[in-house]
Amino acid sequence: MTTPSNSPVTTHTLRQMKREQRRITMATAYDAITAAWVEAAGIDTILVGDSLTNTALGQPDTIGATLDMMIHHCAAVALGAGRALTIGDMPFMTYKISAEQAMASAARMMQEGRMKAVKLEGGREVAPIVARMVDAGIPVLGHIGLVPQSYHALGGYRIQGRGETDAKRLMNDAIALEDAGAFGIVLEKMPAQLSEEITKHLAIPTISIGAGPGCDGQVLVLADLLGMTGMPPFKFVKQYANLREVAVGALRQYAEDVRGGAFPGPEHSYDA
Ligand code: KIV
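All values derive from a computational prediction rather than experimental measurement.

Chemist: So what exactly am I meant to see when it comes to the pattern of salt bridges here?
Modeler: All chains considered together, the criterion is met by 11 salt bridges. We note a salt bridge from arginine 169 to aspartate 173, for which the minimum N-O separation is 3.8 Å. Remark: aspartate 173 and arginine 169 occur in helix H8 (residues 164–180); sequence separation between them is four residues, near one turn of the helix. Salt bridges here are not isolated pairs; linked through shared partners, they connect Arg124, Asp166, Arg169 and Asp173.

Chemist: Where do I start with unusual backbone geometry in this structure?
Modeler: The omega torsion across phenylalanine 263 and proline 264 is 0 degrees, close enough to zero to call that bond cis. On the secondary structure map, proline 264 appears in the segment after helix H11 (243–260). Of note, the phi angle at glutamine 21 is positive, near 55 degrees, even though the residue is not glycine. As for its placement among the helices and strands, glutamine 21 is situated in the loop between helix H1 (11–19) and strand S1 (24–28). Of note in this structure, lysine 189 is not a glycine but carries a positive phi near 45 degrees. On the secondary structure map, lysine 189 appears in the loop between strand S6 (184–188) and helix H9 (192–201).

Chemist: How do you make sense of the site of the ligand when you look at a structure like this?
Modeler: Around the ligand, the surrounding shell consists of Thr28, Leu47, Gly49, Asp50, Ser51, Asp89, Lys119, His143, Ile209 and Val221. At 2.6 Å from an oxygen atom of the ligand is found a side-chain nitrogen or oxygen belonging to serine 51. Here aspartate 89 contributes a side-chain N or O atom positioned 3.1 Å from an oxygen atom of the ligand. Structurally, the ligand is housed in the largest pocket. Tallied by class, the residues present in the shell around the ligand amount to three nonpolar, four polar and three charged.

Chemist: Help me understand the pairing of strand S7 (residues 206–209), please; the structure alone is not making it clear to me.
Modeler: A regular strand carries its side chains on alternate faces of the sheet. Of the two faces of S7, the one holding Thr206 and Ser208 and the one holding Ile207 and Ile209 are both buried throughout. Pairing of S6 with S7 involves four bridges; the strand directions are parallel. The partner of glutamate 188 across the bridge, within S7, is isoleucine 209. Running through H9, the crossover from S6 to the neighbouring parallel element S7 is right-handed. Bridge count for S7 against strand S8 (residues 217–220) is two bridges, and the pairing is parallel. The residue of S8 that forms the bridge with serine 208 is glutamine 218.

Chemist: Sorry if this is basic, but what is going on with a nonpolar patch on the surface here?
Modeler: On the surface, Leu251, Tyr254, Val258 and Phe263 cluster together into a nonpolar patch covering about 390 Å² of accessible area. Within the secondary structure, leucine 251 is located in helix H11.

Chemist: Can you help me understand H8 in this one?
Modeler: An α-helical segment advances 3.6 residues per turn. Residues three or four places apart therefore align on the same side. For H8, spanning 17 residues, the distance from its first C-alpha to its last is 24 Å, which sits close to the expected 24 Å at 1.5 Å a residue. Listed as buried for H8 are Ala167, Leu170, Met171, Asp173, Ala174, Ala176, Leu177 and Ala180. Buried-residue contacts for H8 involve helix H6 (127–135), strand S5 (140–145), S6 and H9.

Chemist: Got a minute to help me understand helix H5 (residues 99–111) in this structure?
Modeler: With 13 residues, H5 should reach 18 Å at 1.5 Å per residue; the first-to-last C-alpha distance of 18 Å fits that figure. The set of residues buried in H5 consists of Ala99, Ala102, Met103, Ser105, Ala106 and Met109. An end-on view of H5 places all buried positions within 165 degrees of arc, on one side of the element. For H5, the elements touching its buried residues are helix H4 (67–80), strand S3 (85–89), strand S4 (117–119) and H6.

Chemist: Before we go on, may I ask you to explain the layout of surface pockets in this structure?
Modeler: The gaps of empty space that remain are located by a probe, the size of a water molecule, rolled over the atoms. Taken as a whole, the largest pocket spans an internal volume of roughly 950 Å³. In terms of lining residues, the largest pocket is bounded by 45 residues, among which Ser51, Asn54, Thr55, Val221 and Asp224 are the most central. Elements with a contribution of two residues or more to the lining of the largest pocket: helix H2 (32–40), helix H3 (52–55), S6 and helix H10 (222–225). Here the lining of the largest pocket is built from residues that sort into 22 nonpolar, 15 polar and eight charged. The computed volume of the second largest pocket comes to approximately 540 Å³. For the lining of the second largest pocket, the secondary-structure elements that each account for two or more residues are S1 and S8. Residues of the lining of the second largest pocket, tallied by class, amount to 16 nonpolar, five polar and four charged.

Chemist: Please clarify how the sheet that holds S7 should be interpreted in this entry.
Modeler: Two modes of strand pairing occur in sheets, parallel and antiparallel, and in both the strands are linked by backbone hydrogen bonds. Pairing is parallel in the closed barrel, where eight strands are placed in the order S1-S2-S3-S4-S5-S6-S7-S8. Neighbouring strand axes in the sheet, compared pairwise and without regard to direction, differ in orientation by 25 degrees on average. Along the sheet, H4 contacts strand S2 (45–48) and S3; its crossing angle with S2, the most-contacted strand, is approximately 155 degrees.

Rules used in this analysis
Residues numbered from 1 in each chain as written. Predicted model: local features only at pLDDT ≥ 70, side-chain atom pairs only at ≥ 80, totals over all residues. Heavy atoms only, no water. Salt bridge = Lys/Arg side-chain N within 4 Å of Asp/Glu carboxyl O. Helix = DSSP H or I, 4+ residues; strand = E, 2+ residues; numbered from the N terminus. Near = heavy atom within 4 Å. Polar contact = N/O pair within 3.5 Å; in protein donor to acceptor, adjacent residues only side chain to side chain. 1 Å grid on protein atoms, 1.4 Å probe; cavity = no way out; pocket = protein on both sides within 12 Å on 5 of 7 lines; lining within 4 Å. Sits in = over half its atoms within 2 Å of the grid points. Nonpolar A, V, L, I, M, F, W, Y, C, P; charged D, E, K, R; others polar. Buried < 20%, exposed > 50% of the residue type's maximum accessible area, 1.4 Å probe, protein only. Pairing = 2+ DSSP bridges. Right-handed = clockwise from strand over helix to strand, strands pointing away. Patch = residues over 30% accessible without salt bridge, like charges linked within 9 Å, V, L, I, M, F, W, Y side chains within 5 Å. Areas by Shrake-Rupley, 256 points an atom, 1.4 Å probe, with all protein chains shown as cover. Expected span 1.5 Å × (residues − 1). Contact = heavy atoms within 4.5 Å. Arc of directions from axis to C-beta. Points joined across faces, edges and corners; volume = space filled by probe spheres on them. Axes fitted to C-alpha atoms, helices over the stretch in contact; angles between N-to-C directions.

Following this line, the structure appears as structure tokens:
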């Protein structure tokens, strides 16, 4: 069975897609325009990632994201989205202090940011918090492997899950999140063999970013996939466009037209 293209994507849709071996698509968006692009492309899920600190705000890591900042961008994305499942990323230290803190933060993401679900980073250590959130009616997407909010603790953006002990740690984290009621898990930057093993073990869908093709779906940061930054892409990114080149070319032409008097012309002007 296929999902009618106009019916909203829900957490149940994603689980059904896993059962039917239909791959799940996810891209990030940070404002109403980019959300509308992702929506128009028929992508199943939109993640308002805290990567917006890197892409939209030019910061070096995701630690600087605050709840207010995320809610501001989530609310814009919610206005540009349609049938896609919208998921807001919970920022650093807004959910790990207690289940009460996590529920209060997630409530703001859903009520003020109009997100349909939230994502948070961590494995076994956050599972009891995830269980409380799910019990309270908050759909939670997990995120394990390379967890960018722990950048400083991990000593950089290193691949995770290499070697038997670390692979076992990540498998146990995935199982704990599933048992806690997470509706899916993002697997970031880990060996493809491990992510495939985790994916086969779980009933809930896994979403890969730098975790190979054996997951149930894939996510990319919009600025990476559209080539918006001019930076060389990471190994795990496929760049589908060079928007920076297109944008800079158009802006150069605009400046040239203004300086040379070619724009605005009579066709862009109003009569008395
Ligand atoms: O913030 C983000 O964009 C993310 C993705 C990399 C999964 O967490």
